[in-house]
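This is what each chain is made of:
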Amino acid sequence: MTQAYTQETGQLGDAPQQSGSRIGRLLDRLRNDRGIWRRGLVLAAIAVLLALVMIFHADIPNRVGNLGSLLETFLPWLGLFLPVLLVLGLVRRSASAVLALVLPVAVWLNLFGGLMFADKSGSGGELTVVTHNVNAENADPTGTAKDVAASGADVVALEELTSSAVPTYERALAGTYRYHTVQGTVGLWSKYPLSGTKPVDIKLGWTRALRTAVATPRGEVGVYVAHLPSVRVKFNAGFTAGQRDDSAEALGQAIAREPLNKVILLGDLNGTMNDRALAPVTAQMRSAQGAAGDGFGFSWPASFPMARIDQIMVRGLDPVSAWALPRTGSDHLPLAASVDY
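Residues numbered from 1 in each chain as written. Predicted model: local features only at pLDDT ≥ 70, side-chain atom pairs only at ≥ 80, totals over all residues. Heavy atoms only, no water.

1. Topic: the confidence of the model for the protein
Just so we agree on the cut-off: Across the chain, each position has a pLDDT score giving the predictor's confidence in that residue, from 0 to 100. Contacts are residue-level and defined by heavy atoms, with any inter-residue pair within 4.5 Å sufficient.
Summing up the model confidence of the protein, the mean pLDDT is 89 and the portion of residues at 70 or higher is 88%. The low-confidence segment residues 15–19, where pLDDT is below 50, has one contact with residues more than four positions distant or belonging to other chains.

Given below as structure tokens:
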């Protein structure tokens, strides 16, 4: 009996013993892994390069295919590389790759964290405006006009109007907006009287911008409506934006000469606030979305918005809120903003 107990005790003593938690064992393995800092150096270098691109995006030259402007148009989307690099760093068990990610994450949050996570919009607002590129090929202009009118805006700017569609918009909006003007392919509808209306020459050879004064209950506001030339991404030419850039310069000069202190710019500028080519305009005006919007406020393409190329900008006015309206028959989303005097 004594021998049997001795043998049984011996068998139990030979069984493997489990000690510590899984996390503890994992940390032990990582501490003893001599290659943890040597692996993933390429991933770490990519992370640092990504951070440098975001920091110095304004210094990337436009001489070759307007590469700088192309990058700035989609700059927020560089953030999509961050989780990818994190997963790859964890798979490679590379401390270097994971630690290097701190730099691009910090840069991206500094650039876009306020737009992504902070809701700056308020309530109320003394004047509400809407801008919408209605699309020349819009199959339902009547429905689009009714959708825009239902927003309750005091002033509505429409771009990409065709001569055949203008009467349709005029009829559909007449019940809500007593005053309106159409200059070339852009138009403005208002609940308040207009004066001093004229086309604005943005160096295209035909009219795609206008200026007018809206007599609001709190005084006159200079309102500009503009549709800058489109840009294209071509394999053999890059980001072709030369004509757009020249028009932005001309529009900026016109706004700089505006005699009224309170100014609103509404339109499709075919560029984002980050695009240096729009500096002649953006340097003298505030983005309603940037000051009082929720999120990025992307407006194009309507099916899957990736960039905010439609803009509402102000000078001498205080943005209270900014938002995108529901999709219409256009390939752009309509945008709205409320401002205080």
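2. Focus on the nonpolar core
Short version of the rule: Think of a nonpolar core as a cluster: buried Ala, Val, Leu, Ile, Met, Phe, Trp, Tyr and Cys residues, connected wherever their side-chain atoms sit within 4.5 Å. Residue exposure (1.4 Å probe, protein chains only): buried if accessible area is under 20% of the type maximum, exposed if over 50%, otherwise partly exposed. Counting from the N terminus, the helices are DSSP H or I runs at least four residues long and the strands are E runs at least two residues long.
Residues Val-129, Leu-188, Ile-264 and Leu-266 are the most contacted members of the largest nonpolar core, which totals 23 residues. Sorting the residues of this core by element identifies strand E1 (127–133), strand E2 (155–159), strand E4 (186–190), strand E6 (209–216), strand E7 (219–227), strand E10 (263–268), strand E12 (310–315) and strand E14 (335–340) as the ones contributing at least two each. Ranked by size, the runner-up nonpolar core spans 20 residues in total, among them Leu-82, Phe-112, Phe-296 and Phe-298.

3. Some thoughts on the sheet that holds E12
The condition is simple: Strands qualify as paired when DSSP identifies two bridges or more between them. All axes here are fitted lines through C-alpha atoms, helices being fitted over the stretch that makes contact, and every angle between N-to-C directions spans 0 to 180 degrees.
If you trace the six strands from one edge of the open sheet to the other, you get E5-E6-E7-E10-E12-E11, paired in mixed fashion. Each edge of the sheet is formed by a strand with only one pairing partner; in this case those strands are strand E5 (194–199) and strand E11 (286–287). Bridging between E6 and E7 involves eight bridges; their strand directions are antiparallel. Paired with Thr-216 across the strands is Gly-219, a residue of E7. The strands touched by helix H10 (residues 242–256) within the sheet are E7, E10 and E12, with E7 carrying the most contacts at an inclination of about 175°.

4. A word on the environment of Tyr-169
Along the chain, Tyr-169 turns up in helix H9 (residues 166–173). Taking relative accessible area as the criterion, Tyr-169 reaches 2% and is therefore assigned buried. With 24 residues separating them along the chain, Tyr-169 and Ala-145 place their C-alpha atoms 5.9 Å apart. What Tyr-169 contacts, discounting residues up to four positions off in sequence, is Val-134, Asn-138, Pro-141, Thr-144, Ala-145, Leu-158, Leu-161 and Trp-189.

5. Let's talk about the pairing of E10
Burial of E10 is extensive: six of the six residues sit out of reach of the surface. Across the two faces of E10 the burial is the same, with Val-263, Leu-265 and Gly-267 and Ile-264, Leu-266 and Asp-268 all buried. As defined by bridge partners, E7 adjoins E10 across six bridges and the pair is classed as parallel. Looking at E10, one finds that His-227 is bridged to Asp-268. Bridge count for E10 against E12 is six bridges, and the pairing is antiparallel. Following the sheet pairing, Leu-265 is matched in E12 by Met-313.

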